[in-house]
Amino acid sequence: VAIGDTIRATVAQIDNDGPYLVKSLGRGGSGVGKAAIQIAYESKAPIEGTVTAVTKGGLAVEVAGIRAFCPASQADVAYLPSLDHLVDQKLLFQVHEVRDGGRSVVVSRKAVLADERRQQGQALRETLAVGAELTGTVSTIQPYGAFIDLGGLEGLCHVSQLGHGRVDRVEDVLTLGETVKVLTQ
């Protein structure tokens, strides 16, 4: 290491003397990877990882130079039939489990996405007013109506509100994934 070089470091602890940094000169050097993962696990803070491969049952993810596993059920908030599109992407994960001194790490992308949706929903609730026109996506179709995802909140549009005339089947008017404009009541 020379003056002016860029290095990766993790704050391992803070005391009266200031932060204690653990340095890394490469892949997992000096225990930075394990320390970063342990800190993320204890604080429930998101940590960035790169999806390296699709494996049986989930994803192989490199987090702070350490290989972690993300189960397929934790890859997204909704079911994904294929995980191939996530390979080589840098994404945020929450560390769910650390075992064997950091050699076995389980992460979840679903937890991070659910938290983001919760925050979006809260922000939407604060600005929501009767008669507001919003854009949403049809997320679920039921015999009695359709659920519309408004970005963090879901609302029900009853079958009786889908058209000016009588609507017998929701599927006759809406399709799954369709973008629609709705009025709040």
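Residues numbered from 1 in each chain as written. Predicted model: local features only at pLDDT ≥ 70, side-chain atom pairs only at ≥ 80, totals over all residues. Heavy atoms only, no water.

Participant: What is the right way to read the overall build of the chain from this model?
Facilitator: Each helix and strand counted, the chain has 2 helices and 11 strands in total. Walking the chain from its N terminus toward its C terminus, one meets helices and strands in the order β-β-α-β-β-β-β-β-α-β-β-β-β. A burial count over the chain gives 33% of its 185 residues as buried. The contacts in the chain between residues at least 6 apart in sequence include a share of 52% that link residues at least 24 apart. In the form shown here, the chain has an accessible surface area of approximately 11800 Å², with 51% of it arising from carbon and sulfur atoms. (Helix = DSSP H or I, 4+ residues; strand = E, 2+ residues; numbered from the N terminus. Buried < 20%, exposed > 50% of the residue type's maximum accessible area, 1.4 Å probe, protein only. Contact = heavy atoms within 4.5 Å. Areas by Shrake-Rupley, 256 points an atom, 1.4 Å probe, with all protein chains shown as cover.)

Participant: What am I meant to see in helix H2 (residues 110-127) here?
Facilitator: Structurally, the α-helix is built with 3.6 residues per turn, so residues lying three or four positions apart point the same way. The end-to-end C-alpha distance of H2 is 26 Å, a good match for the 26 Å that 18 residues give at a rise of 1.5 Å each. All buried positions along H2 are accounted for by Ala111, Val112, Leu113, Gly121 and Leu124. Contacts made by the buried residues of H2 are with strand S6 (90-99) and strand S7 (104-108). (Expected span 1.5 Å × (residues − 1).)

Participant: I keep staring at the nonpolar core and nothing clicks. Help me out?
Facilitator: Note on soluble globular proteins: their nonpolar side chains tend to be buried together. Core analysis: the largest hydrophobic core is formed by 20 residues, its most contacted members being Leu59, Val61, Val63 and Val107. Of all elements in the fold, only helix H1 (32-43), strand S3 (47-55), strand S4 (58-63), strand S5 (66-71), S6 and S7 reach the threshold of two or more residues within this core. Ignoring sequence-local partners within four residues, the contact set of leucine 59 consists of Val51, Ala53, Val54, Ala68, Phe69, Cys70, Ala75, Leu83 and Leu86. Among the nonpolar cores identified, the runner-up in size contains 15 residues, and Leu124, Val138, Val180 and Val182 belong to it. (Core = buried A, V, L, I, M, F, W, Y, C linked by side-chain atoms within 4.5 Å.)

Participant: Would you mind showing me how to read the side chain of aspartate 76 here?
Facilitator: Mapped onto the secondary structure, aspartate 76 falls in the loop between S5 and S6. On the basis of relative accessibility, which here comes to 19%, the residue aspartate 76 falls in the buried class. If we skip the residues at most four places from it in the chain, aspartate 76 touches Arg109, Lys110 and Leu113.

Participant: Any chance you could explain the confidence of the model for the chain here in plain terms?
Facilitator: Note that predicted coordinates carrying low pLDDT should not be read in detail. Within the chain, residue pLDDT values average 84, and 86% of them lie at 70 or more. Counted against residues more than four places away or in other chains, residues 20-30, with its pLDDT under 50, gives 30 contacts. (pLDDT = per-residue confidence, 0-100.)

Participant: Help me understand the environment of glutamine 161, please; the structure alone is not making it clear to me.
Facilitator: The residue glutamine 161 is located in the loop between strand S10 (154-158) and strand S11 (179-183) in this model. Taking the C-alpha atoms as reference, glutamine 161 lies 8.5 Å from glycine 145; in sequence the two are 16 residues apart.

Participant: How do you make sense of the pairing of S10 when you look at a structure like this?
Facilitator: Along a regular strand, successive side chains alternate from one face of the sheet to the other. With 5 bridges joining them, strand S9 (residues 145-149) and S10 adopt antiparallel strand pairing. If you follow glycine 145 over to S10, its bridge partner there is histidine 158. Counted along the chain from S9 to the antiparallel partner S10, the turn is 4 residues long, and its residue glycine 151 has a positive phi close to 90°. (Pairing = 2+ DSSP bridges.)

Participant: For this particular structure, what's the right way to read the environment of glycine 163?
Facilitator: Looking at the secondary structure, you find glycine 163 in the loop between S10 and S11. Residues glycine 163 and valine 173, spaced 10 residues apart in sequence, show a C-alpha to C-alpha distance of 8.0 Å.

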